Every structure is written in structure tokens, then in C-alpha cells.
Amino acid sequence: MDFNNKYETLDDFISSRLNDEEVGIWFYDNGLEKFIIKLPNHIIRAINQGCKLEMLVGQYFVSEKTYPVIGLFIYDHIDNPLIVTQSSNFLLEIDALKIILKSGNSILVDFYDELGVPVLSSNPTLSENTVEIQWQNIDTEYNNDNWKKVLDQMKLDFDAKNYQDFQRIEINVSNGVAIQSAFITDQNITTHYLEEKEGDQLEKKVFVPLESIFKINTIFLNPYFNSSGRKKEFTDIFAHYELGTFYIESKVLSSQKAFDKSISKQQDNIKKQILKAVNQLAGALRSVSNEISVFDSKSNLKIEINKGLVPQCIILVSELPSFGEWEDLNISIFELISQYNCYLNIMELSDFMKIIKLARGSIEKLDYYLMKRAEGFETTKTFFYKTEVVFN
């Protein structure tokens, strides 16, 4: 796509990209030079805690045209960093990048989470005081075949750690300032990036977009039931409509500095959290089966739950690695599915957001897409796959 004809301003371009892309890095210059970086929340936390962040700037040449490319390396795993690759033919953004790299350390970086909400701002230091880039004859018409060749070659180079033709710039984020976010909803959700537990944040980030889909008094944050004279949480989020019920558990890594741990230890931690969520969902479904009353934590009114409907169970995790042995966990998962005749999805928040966007405000579509995704899990016997979405 030729962004130069679609967007008149850099603000319009970046706003659109923040809404459409899962992750990315963009460059802004409107009297104030800054990087704008969108990443999962747990990655932003790791960066703020000292995780190494590095940017690679380079270019490829195809058919006598120049193709600027950017790589962002986040060393949340020292031996397996998260790599964000980016290319752009939007001239206003390219001009902004040139100005930023020439201006040295007098820049800002704003981090946005999965919802496209700003959560952290920093005045970073760069390992290079000034970087001069000379890009000539840039392909502004966006030749799709050429761009595909560029991105394919970039992936091959990065996989092979072939970085010699790239300018490497370390971004030191050590003075981050948290940004408090308030969402104007029926429950007026407020989050504070640094002061709040990450698990509580994740629950709210899931609740906010869902509340725009479900009707008032059909979606509930932290509903509870009474047990031995005490309130006990039923599930993180419960929602329902005439054709379906939704039980949602959200889990994050418990480690303060997860990136300091080995991959195997992180994997064990994630498995532990998922198994905990499976057991919590089983408890919630068992409570409904036994007709135990469930109440709204806000109004304390009883929630009427139709136990004759097939439940949609969702486990949202801050990250889901695509490696490791998970057979023992699969046994617990399929026991839950068979015992309670439910659908189950395990996914990252970014994947869940794709489905919410695809539903376009329709509860029925949300229900259907989750059902189809769960059927894929039951067929493949693995939850290691991304939701592929095509927007028409």
C-alpha cells in the first residue's frame, strides 16, 4: 500500500498503525522527536526493569529502488530475543527517523500496550550519539513483490544473525515514567502501569473491550460466590447472552524479572499458571453445575447463569512460547473439555484482540470465532498456533 497517498499527516499514519499492528516501532517528529513502540505489556515491563533493547537500521536494494528496514531486538531471553521487523515507504516517517537519529539523545520513547494505550514514557540514551543515514530513491509506490523479497531476505539475515550491513543502536531505557490510563466504561476502569499488579492489569485490559460488546449487566469483573461465610472469586471475568456463556481466566508470569530466568524455567512457570487457570475454570463450572449462587462484585446482585448452554472457556496468558513439552498439560486440558462439555481457548492477549476486532461488536460473531478456534485446538491437539485474521 502507498501510505503516502492514504495518509496526509504522520499523526494519521501512526494512529492507524497502532490500531492495526500487534507490535511495531514508528518515528515521530512534530517539534518533539520520539520513538513510538507497541509491544505486549510483559515485554514493556521487562524493558523497564533493565532488559536490553537494540535497534538495527539498514536498507535493501531491489530493481534499483531503496527499501528502508528497521529491526527491534528485545532480549527478554538472552539466547532467544524477541525480534520486531519493520519496513516503511511513508516519507514523513522516514524523514522523522533521520531527524531523530541525528538529534542524538534529546529524544523520547513512548511505549504502547496490546490495546494501543500508552503505558510508559522515557527519555532514553542511545549507544550512538548521532547516526547519519542516506536513503535515496525510495520505493514510494509500494511494489508488493519487491517488498516481499525484502522482508523475506531480512528474515533470512536475522535468522542467520547476519547484521553486518545494519547500523546497531542500543536504546537504554532506565528512567521510565508510568502513564495512568482511565477507560470511560460502565465500571470506569482505571489502570496504573507501575503501581498495579500485572495480573490485575491484564484482567482490566480484557474487560474493557469486552464491555463494549456485551450489554450492561451481562459482563462481570471478578464475580464471587460465598463459601463458609467468605467471598471467593468465581472467575476473573464472566459474561453471558442468550446463546452462550464466557468464563475467562488471565495469567501472567509471577517472576519480578522474568527475563533473568532460563527459557526452561519460564516455560515451567507458564505451565504452572495455565494449569492453575484450568483448575479455576473447572471449579467455576462445577459451581454452576451444583447451582451455587454467583454474585456481581460491584452490585452484589445474583447473576442468573443458564447452565444448559455450552460454556466458552478462555485462558489468556501474557506470553505463550512456541516450544517445549506440553503433553502433561494437554491431559488436564482435555479432561476439562470432556468433563464439562465446554470449548477452551488458550491464547495471548494480542491474539484475543484480533478476534474481538474481527467480531466488530457482535457477541454472536465473537462466540462463533472462539468456537471455531477451539475446534482447531481439539483437532491439532496443540494450543501453539496464532489466529490468522483477514479483514475485508
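Please refer to the structure higher up on the page.
Below you will find a few notes about this structure. Note that the coordinates shown come from a computational prediction; the quantities given were computed from them, not determined experimentally. (Residues numbered from 1 in each chain as written. Predicted model: local features only at pLDDT ≥ 70, side-chain atom pairs only at ≥ 80, totals over all residues. Heavy atoms only, no water.)

Most often, soluble globular proteins keep nonpolar side chains buried together rather than apart. Ranked by size, the top nonpolar core spans 43 residues in total, and within it Phe35, Met55 and Phe111 carry the most contacts. Tallying contributions element by element places helix 4 (residues 91-102) first for this core, with five residues. Not counting residues within four places of it along the chain, the set of residues in contact with Met55 comprises Ile25, Phe27, Phe35, Ile70, Gly71, Leu72, Leu101, Gln167, Arg168, Ile169 and Ile171. One finds Phe220, Ala284, Ile315 and Phe377 within the second-largest nonpolar core, a separate group that totals 29 residues. (Core = buried A, V, L, I, M, F, W, Y, C linked by side-chain atoms within 4.5 Å. Buried < 20%, exposed > 50% of the residue type's maximum accessible area, 1.4 Å probe, protein only. Helix = DSSP H or I, 4+ residues; strand = E, 2+ residues; numbered from the N terminus. Contact = heavy atoms within 4.5 Å.)

A word on the sheet that holds strand 7 (residues 118-122). An order of 1-2-6-7-10 is seen for the five strands of this open sheet, with the pairing classed as mixed. In this open sheet, the two strands that pair with only one neighbour each are strand 1 (24-29) and strand 10 (177-178). With six bridges connecting them, strand 1 and strand 2 (residues 33-38) associate as antiparallel partners. Bridge pairing in strand 2 links Trp26 to Ile36. (Pairing = 2+ DSSP bridges.)

Turning next to the pattern of salt bridges. Overall, the coordinates contain 10 salt bridges when judged by the stated rule. A salt bridge links Arg168 to Glu54; its shortest N-O distance comes to 3.0 Å. Of this pair, Arg168 sits in strand 9 (residues 167-172) while Glu54 sits in strand 3 (residues 53-62), and the two are 114 residues apart along the sequence. Owing to a relative accessible area of 34%, Arg168 belongs among the partly exposed residues under this scheme. Residues Glu375 and Lys372 are paired through a salt bridge, measuring 3.2 Å at the closest nitrogen-oxygen approach. Note that Glu375 and Lys372 are positioned in helix 10 (residues 363-380) at a spacing of three residues, about one turn of the helix. (Salt bridge = Lys/Arg side-chain N within 4 Å of Asp/Glu carboxyl O.)

On to helix 8 (residues 327-340). In a regular helix each residue adds 1.5 Å, so 14 residues correspond to 20 Å; helix 8 covers 20 Å between its end C-alpha atoms and thus fits that length. Three or more residues of helix 8 are buried, namely Leu329, Asn330, Ile333, Leu336, Ile337 and Tyr340. The buried residues of helix 8 occupy an angular sector of 125 degrees when the element is viewed end-on, so they sit on one face. Looking at helix 8, the residues exposed on the side facing more than 90 degrees away from the buried face are Ile331, Ser338 and Gln339. One or two positions beyond helix 8, positive phi appears at Asn341, with a value near 50 degrees. (Expected span 1.5 Å × (residues − 1). Arc of directions from axis to C-beta.)

Take the state of the cysteines next. A full pass over the atoms with the stated rule returns zero disulfides. Between Cys313, a free cysteine, and Cys342, which holds the nearest cysteine sulfur, the sulfur-to-sulfur gap is 4.0 Å. Assessed through its relative accessible area of 0%, Cys313 is described here as buried. (Disulfide = S-S within 2.5 Å.)

The buried fraction of helix 3 (residues 41-48) is high, at seven of eight residues. The first or second residue beyond helix 3 is Gly50, which carries a positive phi of 115 degrees.

The next subject is the pairing of strand 17 (residues 244-251). Burial of strand 17 is extensive: eight of the eight residues sit out of reach of the surface. The side-chain alternation of strand 17 yields two buried faces, one formed by Gly244, Phe246, Ile248 and Ser250 and the other by Thr245, Tyr247, Glu249 and Lys251. Both strand 16 (residues 237-241) and strand 17 contribute to a ladder of five bridges, which runs antiparallel. Following the sheet pairing, Ala239 is matched in strand 17 by Phe246. Sheet topology note: the strand 17/strand 20 (residues 311-317) ladder contains seven bridges and is parallel. By the bridge assignment for strand 20, Glu249 is matched with Ile315.

On to the pairing of strand 16. Burial runs high along strand 16: five of the five residues are buried. In this structure, strand 13 (residues 219-221) lies alongside strand 16, joined through three bridges in antiparallel fashion. Its bridge partner being in strand 16, Leu221 is matched across the sheet by Ile237. The turn joining strand 16 and strand 17, which pair antiparallel and follow one another in sequence, is formed by two residues.

With that settled, consider the packing of aromatic side chains. The tally for this structure, following the rule as stated, stands at 12 aromatic pairs. Between Phe73 and Phe158, the ring centres sit 5.3 Å apart and the planes meet at 65 degrees, which makes this aromatic pair edge-to-face. Taken together, the positions of Phe73 in strand 4 (residues 65-74) and Phe158 in helix 5 (residues 144-159) put the pair 85 residues apart, joining distant regions of the chain. Considered together, Phe73 and Phe158 belong to a single accessibility category, that of buried residues. Ring pairing ties together the aromatic residues Tyr60, Phe73, Tyr75, Phe158 and Phe166, which thus form one cluster. Between the NZ or CZ atom of Lys52 and the centre of the ring of Tyr75, over which it lies, the distance is 5.0 Å. The ring centre of Tyr224 lies 4.6 Å from the NZ or CZ of Lys231, which sits over that ring. (Phe/Tyr/Trp six-rings, centres within 6.5 Å; stacked < 30°, edge-to-face > 60°. Lys NZ or Arg CZ within 6 Å of the ring centre and 35° of its normal.)

Pairing is mixed in the open sheet, where five strands are placed in the order 13-16-17-20-21. The open sheet has two edge strands with one neighbour each: strand 13 and strand 21 (343-348). Taken pair by pair, the neighbouring strands of this sheet meet at an average axis angle of 15 degrees, ignoring direction. Against the sheet, helix 9 (residues 349-359) engages strand 20 and strand 21, with an angle of about 115 degrees to strand 21. (Axes fitted to C-alpha atoms, helices over the stretch in contact; angles between N-to-C directions.)

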